Amino acid sequence: MQLLKTTDTDFSTAFQALVNNRREATVDVSGTVRGILADVKVRGDAAVKEYTTRFDHFSPESLHLSADFIAAQAAKCPADVKAALELAAERIGSFHQKQLPQDIGYTDATGVKLGLNWVSLSQVGIYVPGGRASYPSSVLMNALPAKIAGVERIVMTVPMPHGEINPAVLAAAQVAGVTEIYSIGGAQAVAALAYGTETLNPVDKVVGPGNAYVAEAKRQVFGTVGIDSIAGPSEILVVADDQNNPEWIAWDLLSQAEHDPSAQSILITDSEVFAQQVITAVELVLPKLSTQAVASASWQNHGAVIVVSDLAESIPLLNQLAPEHVELCVDNPQLLASQIKCAGSLFLGRYTPEAIGDYLGGPNHVLPTSRSARFASGLSVYDFLKRITYLECNQAALQEIGKAAVTLAEAEGLPAHAGSVAVRLQS
Ligand SMILES: NC(=O)C1=CN([C@@H]2O[C@H](COP(=O)(O)OP(=O)(O)OC[C@H]3O[C@@H](n4cnc5c(N)ncnc54)[C@H](O)[C@@H]3O)[C@@H](O)[C@H]2O)C=CC1
Ligand SMILES: N[C@@H](Cc1c[nH]c[nH+]1)C(=O)O
Ligand SMILES: [Zn+2]
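All figures in this text were calculated on a predicted structure; none of them were measured in a lab.

(A) Summary view of the coordination of the zinc ion (ligand 3). Taken together, the protein donors to the zinc ion (ligand 3) comprise H259 (NE2) and D358 (OD), at separations of 2.1 to 2.2 Å. Classification of the site at the zinc ion (ligand 3) rests on its four donor atoms, whose angles at the metal span 83 to 177 degrees, yielding the label irregular. With H259 in the loop between α10 (246-257) and β10 (264-269) and D358 in helix α15 (residues 354-359), this pair connects stretches of sequence that are 99 residues apart.

(B) Representation of helix α3 (residues 45-56) in the model. Given a rise of 1.5 Å per residue, 12 residues ought to cover 16 Å, and the 15 Å separating the end C-alpha atoms of α3 matches this to within 8%. Considered for burial, the residues of α3 that qualify are D45, A47, V48, Y51, T52 and D56. Within α3, the buried residues cover an arc of 155 degrees as seen down the axis, which keeps them to one side. Along its buried surface, α3 packs onto α2 (30-43) and α8 (186-195). H57 sits one or two positions beyond α3 and adopts a positive phi of about 55 degrees.

(C) Spotlight on the sheet that holds strand β3 (residues 113-120). The strand order β2-β3-β14 describes an open sheet built from three strands, whose pairing is antiparallel. Two strands lie at the open edges of the sheet, namely β2 (104-107) and β14 (385-392), each paired on one side alone. Direction aside, the axes of adjacent strands within the sheet are offset by 20 degrees on average. Taken together, the four bridges between β2 and β3 define a ladder with antiparallel strand orientation. If you follow Y106 over to β3, its bridge partner there is L114.

(D) Region of the structure containing the packing of α10 against helix α12 (residues 292-302). At a minimum axis distance of 8 Å, the contact between α10 and α12 shows a crossing angle of 105 degrees. On the basis of their axis angle, the class for α10 and α12 is roughly perpendicular. Residues L253, L254 and A257 of α10 pack against V294, A295, S298 and W299 of α12. Considered class by class, the residues forming the contact of α10 with α12 number six nonpolar, one polar and no charged.

(E) Quick peek at the site of ligand 1. Residues in contact with ligand 1 amount to 29 residues; listed here are only the nearest, D56, Y127, R132, S234 and D260. Y127 is positioned such that a nitrogen or oxygen atom in its side chain is 2.6 Å from an oxygen atom of ligand 1. The contact in question runs from an oxygen atom of ligand 1 to an N or O atom on the backbone of N211, over 2.8 Å. Here ligand 1 loses 89% of its free accessible area of 870 Å² to cover by the protein chains. Among the secondary structure elements, those contributing two or more residues to the shell around ligand 1 are α3, α8 and α9 (212-221). When the residues that make up the shell around ligand 1 are grouped by side-chain class, the tally is 13 nonpolar, 12 polar and four charged.

Cut-off values and rules
Residues numbered from 1 in each chain as written. Chains lettered and ligands numbered in written order. Predicted model: local features only at pLDDT ≥ 70, side-chain atom pairs only at ≥ 80, totals over all residues. Heavy atoms only, no water. Donors = N, O, S within 2.8 Å, 3.2 Å for Na, K, Ca; no water. Tetrahedral: all angles 85-135°; square planar, octahedral: opposite > 155°, others 65-115°. Helix = DSSP H or I, 4+ residues; strand = E, 2+ residues; numbered from the N terminus. Expected span 1.5 Å × (residues − 1). Buried < 20%, exposed > 50% of the residue type's maximum accessible area, 1.4 Å probe, protein only. Arc of directions from axis to C-beta. Contact = heavy atoms within 4.5 Å. Pairing = 2+ DSSP bridges. Axes fitted to C-alpha atoms, helices over the stretch in contact; angles between N-to-C directions. Parallel < 35°, antiparallel > 145°, perpendicular 65-115°, else oblique. Nonpolar A, V, L, I, M, F, W, Y, C, P; charged D, E, K, R; others polar. Near = heavy atom within 4 Å. Polar contact = N/O pair within 3.5 Å; in protein donor to acceptor, adjacent residues only side chain to side chain. Areas by Shrake-Rupley, 256 points an atom, 1.4 Å probe, with all protein chains shown as cover.

Honestly, that's just the spatial picture; any functional story needs more than this.
In structure tokens form, the structure reads like this:
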């Protein structure tokens, strides 16, 4: 963990190093991932099975989960977990339902009909992480927007370390209506979805969160398939004044640190005393966690506490870091929120711990990391839709606008373009 103060003379250099830290979290594994992708592309299932044995310590006969297996495992999900999944699905579903956009269509003054239609993707792959923890919540976050958009084929991949799966993951698949599931993780899962194998027909887009291997694999298959965003190791940035309980903030920072040793937790505060109180609280909370080893590694290597003179100073720093999650633990969070341009999702006020958004707030928890929130957004219904535009001219409308098209085609030196319009103007 680094303690930085904006009043320090070397602050700019130290802050820049913190910004660069995120890029390294994904770039490091690019060579390994390139090798796995190439191997799966050529050798299909045989390669996928070998990587599954190597990384997940599991050697299944078939990577496809049968309907009987899914039903038997899902039935083991405790009733209270199933009820919580159903509440989560309802809340996530209604937030995403509201995102469905309207088509555009009109006739302009020249008589040209023009418009834009939204159409759903036909087949998508959803990656559900499962290396260290298991993520039934990610099943809902991935699948519900796809369902709402109208995607016909949803293919889910999830690693099963040592051949085991949390029943809640398959119960969540049932709640979301996902039936085509493969026990594959990491870069080999992304490769199987993008290139296809003997048992898995390829999809058109791969979405979902995962560790650095998954995030890098998605980046490398982009172009062969679409992807949502780089949704890699989790990040949280908390902006807090000294009116907060330091222990609450410590739990918030550790809630993301416990995901991955590459996760990042940052506190920005205007009080040096409060900063020290939170650092102490983190050390007190850490031993209480079953995830202590991971959370501790993340906090030690990627954690930071930044002391500013005024919380307004946090905005340019935050926009440069472009973190996945931002908590604004202040009295008037809207004031700061209105100035934030680069973040995956915002959690406003002292009573909105980020973990509420992880499970059932409603907005999606699949969010851009590694500073990709500068140009990307969290998963939504829009990720499962495309736009197709159209034009329809009648003879009179073409007469009205066609001559200018001929002029522009000639200006570009493209005579066939000009001719295709001109022949219709003469008729
Ligand atoms: N940005 C977002 O929206 C979200 C991100 N996450 C992130 O998802 C991640 C989950 O990570 P995990 O628990 O690890 O599960 P995971 O499913 O992402 O990764 C497990 C897979 O990683 C691969 N792997 C592990 N070590 C490897 C190695 N040395 N070489 C090649 N491949 C290797 C294996 O194939 C294994 O199946 C965390 O980083 C978490 O922060 C989770 C939810 C949301
Ligand atoms: N916090 C995770 C999502 C999550 C799922 N379960 C717990 N947390 C993220 O990076 O978005
Ligand atoms: Zn989380």
